[in-house]
Amino acid sequence: MTELQFPEGFVWGAATAAYQIEGGAHEGGRGESIWDRFSHTPGKVSHGDTGDVACDHFHRYAGDVAMMRELGLGAYRFSVAWPRVQPSGKGPPHPAGLDFYSRLVDALLEAGIAPMATLYHWDLPQALQDEGGFASRDVAGWFADYAGVVARALGDRLRWIVTLNEPQIFGLFGYVVGTHAPGVQDFVGYPRVAHHINLAHGEAVRAVRAERARLPVGIAMQTPPMHPRSASAEDAAAARRFDAFFNRYFLDPVLLGAYPPELLELLSPLGVRYPEEDLAVIAQPLDFVGVNNYTRYFVRHHPETPLLEALADEHHRIDGARYTDMGWEIRPDALGEVLDRLRADYGNPVVYVTENGAAFADPVADGQVHDADRVAFLRGYLARLHRAIADGARVRGYFVWSWLDNFEWAHGYSKRFGLVHVDYPTQRRTPKDSARWYAEVARRNALSP
Ligand code: IFM
């Protein structure tokens, strides 16, 4: 392999999310979020873990930013906790909450690190959930209001803003499967939820632009390739169906201004109809699309779980393939396929890879973490990313998930995704080998052989 040079100005970053790292759950007037409620409900999260303390980033952000600077990070994607800014989800912003993010952004800028803020990374104020959450059409207005508040307060210093993180995941797992907050299991209600998620995104884009017309705005999508489990025609049809239900439910209205006709047909027994004027709101032109990718999904025809086939098959293993600690297949081509698809089917938008990374066990030995598996993972995905760019994808930057080990939702602290190891009892941070390796990639703007 020769050195793979990335385009000039390519952005090298890492990402986190508020509930997964901040802690300080009861400080600064922060309100309760659906993840506070969910994680404190017995049986919902491995070992009863919660985000109450997490990586204590709320108190340690200055040291964390100093470490980012030391390791040469060019950009940092974080999320704003809605319940810190509006404790009950509505009304005037809470100054202490905004102040925390303002200090964080200033520290990043001072360190020469470009800030990307995500407005919603799954921590809906519980008070809004009590009024229906994303099942209520009002969520679009609530979210737009909050987006405007954040854009007004921070938008002069942010480099990019992202509306929603992974509608696919928080929608389906939060409102149908029930393994994420708010833990609802309502398949019949899902078409409303999905549409409200899309509408909330569109209204938020408008609200951000009303405040900060020049701030680049996008959305982060997780749209894994859906591969049929076998060569049968039934499995191929199931993969297409699940792709429409999981991926295109969000990609198509946001980027093309229409729901996929085959999806509408599938949902027609539920009497689903979406107003045209909503689609005009949803399809606001975006400055970029965020791509979060980890792996692909397998789908198999399964008459008893129509539309949820992939989930029924998620533990499928292939001989010879390698898997991360999440049980996810390591497959750089999955990222390649997503990028190729955006180029071919969605007008080749400007893209940032807003998440990509892997969980491994990562023991600390003599104060070091030799995470060769993670380095190999990142190398493989970055090489594939390089090829996608050579093929014409307009990818402008890449963010490793994650900067720090953190609270991995229903898995609690049992999965480590970080470039930096966190010893939770002491909160000691130890950069893993991958952090130094990644710093070198960023410094050279190239992947060396
Ligand atoms: O930790 C999550 C993140 O919050 C959203 N994207 C996937 C990551 C790994 O599961």
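Residues numbered from 1 in each chain as written. Predicted model: local features only at pLDDT ≥ 70, side-chain atom pairs only at ≥ 80, totals over all residues. Heavy atoms only, no water.

**Student:** Quick rundown of the site of the ligand? Include the residues and the values.
**Tutor:** Residues in contact with the ligand, as listed here, are Gln20, His121, Trp122, Asn165, Glu166, Tyr294, Trp328, Glu355, Trp401, Glu408, Trp409 and Phe417. At 2.8 Å from a nitrogen atom of the ligand is found a side-chain nitrogen or oxygen belonging to Glu166. Between Glu408 and the ligand, the recorded distance is 2.6 Å, taken from a side-chain N or O atom to an oxygen atom. Protein contacts shield 96% of the accessible area of the ligand, which totals 280 Å² for the unbound molecule. Residue composition of the shell around the ligand, grouped by class: six nonpolar, three polar and three charged. (Near = heavy atom within 4 Å. Polar contact = N/O pair within 3.5 Å; in protein donor to acceptor, adjacent residues only side chain to side chain. Areas by Shrake-Rupley, 256 points an atom, 1.4 Å probe, with all protein chains shown as cover. Nonpolar A, V, L, I, M, F, W, Y, C, P; charged D, E, K, R; others polar.)

**Student:** Run through the sheet that holds strand 2 (residues 11–15), naming residues and quoting values.
**Tutor:** Taken in spatial order, the eight strands line up as 2-3-4-5-6-8-10-11 and close into a barrel, and their pairing is parallel. Across the sheet, the mean angle separating the axes of adjacent strands is 25° when strand polarity is ignored. This element, helix 7 (residues 139–154), spans strand 4 (114–120) and strand 5 (160–165) of the sheet and lies at about 160° to strand 4. Strands in contact with helix 15 (residues 372–390) are strand 2, strand 10 (350–355) and strand 11 (394–401); relative to strand 11, the strand with the most contacts, it is inclined by about 170°. (Pairing = 2+ DSSP bridges. Helix = DSSP H or I, 4+ residues; strand = E, 2+ residues; numbered from the N terminus. Axes fitted to C-alpha atoms, helices over the stretch in contact; angles between N-to-C directions. Contact = heavy atoms within 4.5 Å.)

**Student:** Describe the packing of helix 10 (residues 233–256) against helix 14 (residues 332–345), and please don't skip the residues or the numbers.
**Tutor:** Interhelical geometry of helix 10 versus helix 14 gives an angle of 45° and a closest axis separation of 13 Å. The angle between helix 10 and helix 14 falls in the class oblique. Remark: the crossing between helix 10 and helix 14 carries right-handed chirality. Here helix 10 contributes Asp243, Asn247, Arg248, Leu251, Leu255 and Leu256 to the contact with helix 14, which in turn contributes Arg341, Leu342 and Asp345. Here the residues of the contact of helix 10 with helix 14 are counted per class, giving four nonpolar, one polar and four charged. (Parallel < 35°, antiparallel > 145°, perpendicular 65-115°, else oblique. Left-handed = near helix turned anticlockwise from the far one by under 90°.)

**Student:** Could you give an account of the nonpolar core, naming the residues involved and the relevant values?
**Tutor:** One finds Leu385 and Trp403 to be the most contacted residues of the largest nonpolar core, which totals 141 residues. Per element, the largest residue contribution to this core is eleven residues, and it comes from helix 7. Contacts of Trp403, omitting those with residues within four sequence positions, involve Ala14, Ala15, Thr16, Asp64, Met67, Met68, Leu71, Leu73, Tyr76, Gly418, Leu419 and Val420. Ranked by size, the runner-up nonpolar core spans 18 residues in total, among them Ala15, Met116, Ala359 and Phe417. (Core = buried A, V, L, I, M, F, W, Y, C linked by side-chain atoms within 4.5 Å. Buried < 20%, exposed > 50% of the residue type's maximum accessible area, 1.4 Å probe, protein only.)

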